[in-house]
Amino acid sequence: MYGKSLTRGFRKYRGPKSRIQPAESDSLEADLRLNHEKLKQIFSNTPDLIHRPFILKANNRQALLVYLEGLSDKNAINRDILRPLKQGTTVLSEENDFPATIGEFHRLTDWRQVERMLFAGYSMLFVDGESIAYGCGTQGWPQRAIEDPQLETSLKGAHQGFVETGSANIAMIRRYIQNRELKIKEYTIGARSQTRLSIMYLADVANVETLGLLEDRIRKLDVDAVINTGELAELIEDTPLSPFPQFILTERPDAASSQILQGKFVVVVDRSPSVLVGPANFISFFQSVDDYSTRWTIATFIRFLRLLAFFAAILLPAIYIAVVSFHFEVIPMKLLSTIGQSRAKVPFPPYLEAVFMELTLEMLREAGVRLPAPVGQTVGIVGGIVIGQAIVQAGLISNIMVVVVAFTAISSFILPNYDMGAAVRLVRFAMMLFASLFGFVGIVVGLLTLIAHLLSLQSLGVPYSTPFGPVRFRDWKDTMVRLPLWLMKKRPTSSNAQQDKRQGDTGH
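Residues numbered from 1 in each chain as written. Predicted model: local features only at pLDDT ≥ 70, side-chain atom pairs only at ≥ 80, totals over all residues. Heavy atoms only, no water.

**Remarks on the overall build of the protein**
For step 1, the next point in the chain: Secondary structure assignment for the protein yields 15 helices and 12 strands.
For step 2, the next point in the chain: The buried share among the 508 residues of the protein stands at 46%.
For step 3, the next point in the chain: Contacts in the protein between residues far apart in sequence, at least 24 positions, make up 66% of those at least 6 positions apart.
For step 4, the next point in the chain: Surface summary for the protein: the accessible area is close to 25,900 Å², and the carbon and sulfur share equals 59%. (Helix = DSSP H or I, 4+ residues; strand = E, 2+ residues; numbered from the N terminus. Buried < 20%, exposed > 50% of the residue type's maximum accessible area, 1.4 Å probe, protein only. Contact = heavy atoms within 4.5 Å. Areas by Shrake-Rupley, 256 points an atom, 1.4 Å probe, with all protein chains shown as cover.)

Below you can see the structure in the form of structure tokens.
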């Protein structure tokens, strides 16, 4: 029954056809020799496709086992397929059960099904005289061990991060949410690379309309392939032209599980070490797993630091440009004298000075990321000190500008989400341009434009700026501040959850 339902699902697929197609039909033949020739035609120039002919001992019939080397487990093939079939006494037919000791198998009648399952790591068994192929579950592709998350480090949280195998990622989430209401909906997208997506949510908590919107966007995707979660987020987000991320990408199973419990949706992309969480709001990018592992007073203080760092990373260079270029009268006389002496030999206007230093900082940051870890840290430290000192001594940049850029860099490093940090770096250059043209007036205009843009954004139809716009005072318990957990008995309104109470109403 399971095999037949799987077969019907495969027939719905209308992917790209192979260059060499069967002349009349995509159905398998009963002649093993013809099927073998067809395999050689469809999978031409495929040296990693292994052909293993042998004789079935039960009825002395010829058989052919085919699998892709590197995607299938050779030990499982030898132990669970070849050995039982060579030594077994059960006759292999459409009426009988599969005599091998393999845990999963499907009866396939179409070449497209065979092609798809071969690329998924299955082994295909062809028997002379039968117009079906037996798909055996022998997946065994290379995968790395579960390690610490690289981008989202935690002091008190779990030290497990997602890997590139979708089933393993789903299992890690299930360890946190052991509840029958945790549902999974699977989709396969990509005309050339069949990428499996799994939407995970709590059926009695998550909003049905939001789920329908997410499913509709995934079903409408018409692409060759989706390689990682970042590509999927860009393809299904509400406003692709915005620099701000509208989905949370996390590599932590505990963070993903926490979002599911709030009524949100997690999309697991096979072959990607991170998952997508939505709907998301602006303030959620400033929250961290450690916020809920420490005292609420400490977590609140750290969140204020993050918000302060956000505005400092955006406005600090712009304020420097505006003050030096237009509003130097607001500077105390002693400080003004120091700034004047520092800029006496600098030949560039403040705007070019700031842009030059910010671009240099971005280059150092990118160099440190791309190089191996020990070398990258050395390049970042030595490069920053040497280049900064040399530029100041050469009279190209003032000492004050170096201090401003250093504070700006520190502020951007405090932000816990990488995507939000990247958006801040882009907005910073826009604010510098406004400040160079209109001074403080330009900064105010830039801030108003930024606020209007954030108010206009949505994530899966949910306002991005909630709970500040529209105002939801109840959700302020877990925004700029983090009140004690025993006071947060209700889920955020931004999740549009069916069950408002966190403990639930069903008692499961």
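**A short note on the pairing of strand β3 (residues 105-108)**
For a regular strand, the rule is simple: side chains alternate between the two faces of the sheet.
For step 1, the next point in the chain: Burial along β3 is one-sided: His106 and Leu108 are buried, and none of Phe105 and Arg107, which face the opposite way, are.
For step 2, the next point in the chain: Two elements, β3 and strand β5 (residues 133-136), share four bridges in a ladder whose sense is antiparallel. In the strand pairing of β5, His106 is matched with Gly135. (Pairing = 2+ DSSP bridges.)

**Quick notes on the packing of helix α11 (residues 350-370) against helix α13 (residues 399-414)**
For step 1, the next point in the chain: Orientation of α11 relative to α13, taken along the N-to-C sense of each, is 45 degrees, at an axis distance of 10 Å. Here α11 is positioned oblique relative to α13, judged by the angle of their axes. The interaxial crossing formed by α11 with α13 has right-handed handedness. Taking contact as the criterion, the partners of Glu353, Ala354, Met357, Glu358, Leu361 and Arg365 in α11 are, on α13, Met401, Val402, Val405, Thr408, Ala409, Ser412 and Phe413.
For step 2, the next point in the chain: Counted by class, the contact of α11 with α13 contains eight nonpolar, two polar and three charged residues. (Axes fitted to C-alpha atoms, helices over the stretch in contact; angles between N-to-C directions. Parallel < 35°, antiparallel > 145°, perpendicular 65-115°, else oblique. Left-handed = near helix turned anticlockwise from the far one by under 90°. Nonpolar A, V, L, I, M, F, W, Y, C, P; charged D, E, K, R; others polar.)

**Focus on the pattern of salt bridges**
For step 1, the next point in the chain: Counted by the stated rule, this structure contains 20 salt bridges.
For step 2, the next point in the chain: For Glu164, the salt bridge goes to Arg144, with nearest N and O atoms at 2.8 Å. With a gap of 20 residues between them, Glu164 in the loop between β5 and α5 (166-176) and Arg144 in the loop between β5 and α5 connect regions that are remote in the sequence.
For step 3, the next point in the chain: Relative accessible area serves as the criterion here: at 30%, Glu164 is assigned to the partly exposed category.
For step 4, the next point in the chain: Looking at Arg144, the relative accessible area reads 34%, which means it is partly exposed.
For step 5, the next point in the chain: Residue Arg303 is joined to Asp478 by a salt bridge in which the shortest nitrogen-to-oxygen separation is 2.8 Å. Of the two residues, Arg303 is situated in helix α9 (residues 296-325) and Asp478 in the segment after β12 (462-463); the sequence distance between them amounts to 175 residues.
For step 6, the next point in the chain: On the basis of relative accessibility, which here comes to 14%, the residue Asp478 falls in the buried class.
For step 7, the next point in the chain: Residues joined by salt bridges that share partners form a network here, namely Glu358, Glu362, Arg365, Arg425 and Arg428. (Salt bridge = Lys/Arg side-chain N within 4 Å of Asp/Glu carboxyl O.)

**Examining the nonpolar core**
For step 1, the next point in the chain: Counting residues in each nonpolar core, the largest one holds 59 residues, and the members touching the most others are Phe244 and Phe286.
For step 2, the next point in the chain: Per-element accounting of this core gives the leading share, 11 residues, to α9.
For step 3, the next point in the chain: Each residue touching Phe286, except ones within four places of it in the same chain, is listed here: Asp291, Arg306, Leu307, Phe310, Leu415, Pro416 and Met420.
For step 4, the next point in the chain: Core analysis: the second largest hydrophobic core is formed by 20 residues, Ala206, Val226, Ile236 and Phe265 among them. (Core = buried A, V, L, I, M, F, W, Y, C linked by side-chain atoms within 4.5 Å.)

**Structural notes on the sheet that holds strand β8 (residues 248-250)**
For step 1, the next point in the chain: In spatial order, the strands read β6-β7-β9-β10-β8; together these five strands make up an open sheet with antiparallel pairing. Since the sheet does not close on itself, it has two edges, and those belong to β6 (182-189) and β8, each with one partner. In this sheet, neighbouring strand axes are inclined to one another by 25 degrees on average, regardless of whether the strands run parallel or antiparallel.
For step 2, the next point in the chain: The pairing of strand β7 (residues 195-202) with strand β9 (residues 265-269) spans four bridges and is classified as antiparallel. Bridged to Leu197 within β9 is Val269.

**Focus on the packing of α9 against helix α14 (residues 418-438)**
For step 1, the next point in the chain: The interhelical angle for the contact between α9 and α14, taken along N-to-C directions, is 25 degrees, at an axis separation of 8 Å. Considering the angle they form, α9 stands roughly parallel to α14. Here α9 runs over α14; the crossing is right-handed. Only Val424, Val427, Arg428, Met431, Met432, Ala435 and Ser436 of α14 make contact with α9, whose side of the interface consists of Phe310, Ala313, Ile314, Leu315, Pro317, Ala318, Ile321 and Ala322.
For step 2, the next point in the chain: Across the contact of α9 with α14, the residue classes break down as 13 nonpolar, one polar and one charged.

**Some words on unusual backbone geometry**
For step 1, the next point in the chain: Of note, the amide linkage connecting Gly278 to Pro279 takes the cis form, showing an omega dihedral of -5 degrees.
For step 2, the next point in the chain: Within the secondary structure, Pro279 is located in the loop between β10 (275-278) and α9.
For step 3, the next point in the chain: Positioned with a positive phi, Arg271 is a non-glycine residue whose angle comes to about 75 degrees.
For step 4, the next point in the chain: Residue Arg271 is classed as partly exposed on the basis of its relative accessible area of 37%.
For step 5, the next point in the chain: The phi dihedral of Leu460 is positive, around 55 degrees, even though this residue is not glycine.
For step 6, the next point in the chain: Looking at the secondary structure, you find Leu460 in the loop between β11 (458-459) and β12.

**Topic: the sheet that holds strand β4 (residues 123-127)**
For step 1, the next point in the chain: Overall, antiparallel pairing links the five strands, which are arranged β1-β2-β4-β5-β3 in an open sheet. For this open sheet the edge positions go to β1 (49-56) and β3, each flanked by a neighbour on one side alone. Taken pair by pair, the neighbouring strands of this sheet meet at an average axis angle of 25 degrees, ignoring direction.
For step 2, the next point in the chain: Its contacts with the sheet put helix α2 (residues 32-42) on β1, β2 (61-68) and β4, and the angle it makes with β2 is roughly 15 degrees.
For step 3, the next point in the chain: The strands touched by helix α4 (residues 111-119) are β1, β2, β3, β4 and β5; relative to β4, the strand with the most contacts, the crossing angle is about 140 degrees.

**Notes on helix α15 (residues 440-456)**
One full turn of an α-helix is made of 3.6 residues, so residues set three or four places apart face in the same direction.
For step 1, the next point in the chain: Taking 1.5 Å as the rise per residue, α15 with 17 residues should run 24 Å; its terminal C-alpha atoms sit 24 Å apart, in good agreement.
For step 2, the next point in the chain: Gly442, Ile443, Gly446, Leu450 and Leu454 are the residues of α15 that are buried. Projection of α15 onto a plane perpendicular to its axis shows the buried side chains occupying an angular sector of 105 degrees, all on one side. Exposed positions of α15 whose direction lies more than 90 degrees from the buried face are Val441 and Leu448.
For step 3, the next point in the chain: Where the residues of α15 are buried, they touch α9 and α14. (Expected span 1.5 Å × (residues − 1). Arc of directions from axis to C-beta.)

**Concerning the packing of aromatic side chains**
For step 1, the next point in the chain: Considering all chains together, one arrives at 12 aromatic pairs under this definition.
For step 2, the next point in the chain: For the pair Phe282 and Tyr464, a centre-to-centre distance of 6.3 Å together with 65 degrees between the ring planes defines the contact as edge-to-face. Residue Phe282 is found in the loop between β10 and α9, and its partner Tyr464 is found in the segment after β12; the two are separated by 182 residues along the sequence. By the burial criterion, Phe282 is buried, and Tyr464 matches it.
For step 3, the next point in the chain: What links up through ring pairs into an aromatic cluster is the set Phe244, Phe282, Phe285, Phe286, Phe310, Phe311 and Tyr464. (Phe/Tyr/Trp six-rings, centres within 6.5 Å; stacked < 30°, edge-to-face > 60°.)

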